Amino acid sequence: MTGNAPRRNAASRATDRPGDTSPFALGLLLRQAHWRAAAVMTEALRPLGIELRHFAVLIVLVNRGPTVQRDLAAETGSDKAGIMRVVDDLERKGLAVRKTVPGDRRVRAVEITPQGVELFDAAHVAAEPMAERLTAALGPGEPERLRDLLTRLAYPADGEA
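What this report covers is the structure whose coordinates are included nearby. (Residues numbered from 1 in each chain as written. Predicted model: local features only at pLDDT ≥ 70, side-chain atom pairs only at ≥ 80, totals over all residues. Heavy atoms only, no water.)

### Regarding the pattern of salt bridges
Now for step 1: One pass over the full model with this rule turns up 13 salt bridges.
Now for step 2: Among the ionic pairs, Glu111 bridges to Lys99, the shortest N-O distance being 3.4 Å. With a gap of 12 residues between them, Glu111 in strand S3 (residues 104–112) and Lys99 in strand S2 (residues 96–101) connect regions that are remote in the sequence.
Now for step 3: Residue classification places Glu111 among the partly exposed positions, given a relative accessible area of 26%.
Now for step 4: Taking relative accessible area as the criterion, Lys99 reaches 40% and is therefore assigned partly exposed.
Now for step 5: A salt bridge links Arg145 to Asp148; the nearest nitrogen and oxygen atoms lie 3.9 Å apart. Of this pair, Arg145 and Asp148 are both found in helix H6 (residues 142–154), 3 residues apart, which corresponds to roughly one turn of the helix.
Now for step 6: On the basis of relative accessibility, which here comes to 34%, the residue Asp148 falls in the partly exposed class. (Salt bridge = Lys/Arg side-chain N within 4 Å of Asp/Glu carboxyl O. Helix = DSSP H or I, 4+ residues; strand = E, 2+ residues; numbered from the N terminus. Buried < 20%, exposed > 50% of the residue type's maximum accessible area, 1.4 Å probe, protein only.)

What follows is the structure, encoded as structure tokens:
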């Protein structure tokens, strides 16, 4: 750089600190919020003997019913090997079972068991005080507003990625 060259305005640099105005600020804040929320929810699930990755699969099974492993992987952002390990864990704990799919012996659908439904419901009860703790610094109506904003950000109306 020469002494006579005009100096460009320095772009705001991502710092991962409150007040960051860089183009990455929102993503960094979301990452930090995710880590905090995951830690709090992990604490809620620990006494039940499951992890967030197990709970993510239970959510899909409750919402969709029996689901083939490939779809579970896609729904939870997991890979084939990872979803197999999670389903193995859930089966070992009696929370889910694999069943053959009629017409295709090679494909297995995973189904939540009655014990899995009980644990799913218990997880919600255990998470309630943790969720309140997570949003304790927010004012009246702000947790609902935050949920609305995050929903709109995660699921844009126009379907853009």
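### Quick word on the sheet that holds S3
Now for step 1: Pairing is antiparallel across the open sheet formed by 3 strands, whose spatial order is S1-S3-S2. Of all strands in the sheet, those bounded by a partner on one side alone are strand S1 (67–68) and S2. (Pairing = 2+ DSSP bridges.)

### Describing the packing of aromatic side chains
Now for step 1: Applying the stated criterion across every chain, the model contains 1 aromatic pair.
Now for step 2: Centroid distance Phe55 to Phe120: 5.3 Å. Interplanar angle 20°. Geometry classified as stacked. Of this pair, Phe55 sits in helix H2 (residues 52–64) while Phe120 sits in helix H5 (residues 114–134), placing them 65 residues apart in sequence. (Phe/Tyr/Trp six-rings, centres within 6.5 Å; stacked < 30°, edge-to-face > 60°.)

### Examining the packing of H2 against H5
Two numbers describe a pair of packed helices, the interaxial angle and the distance between the axes.
Now for step 1: For the pair H2 and H5, interaxial distance at closest approach is 11 Å and the crossing angle is 115°. Handedness of the H2/H5 crossing: left-handed. Contacts between H2 and H5 involve Phe55, Leu58, Ile59 and Val62 from the first element and Leu119, Phe120, Ala123 and His124 from the second.
Now for step 2: Among the residues forming the contact of H2 with H5, the class breakdown is 7 nonpolar, 1 polar and no charged. (Axes fitted to C-alpha atoms, helices over the stretch in contact; angles between N-to-C directions. Left-handed = near helix turned anticlockwise from the far one by under 90°. Contact = heavy atoms within 4.5 Å. Nonpolar A, V, L, I, M, F, W, Y, C, P; charged D, E, K, R; others polar.)

All we've got here are geometric facts, nothing functional implied.
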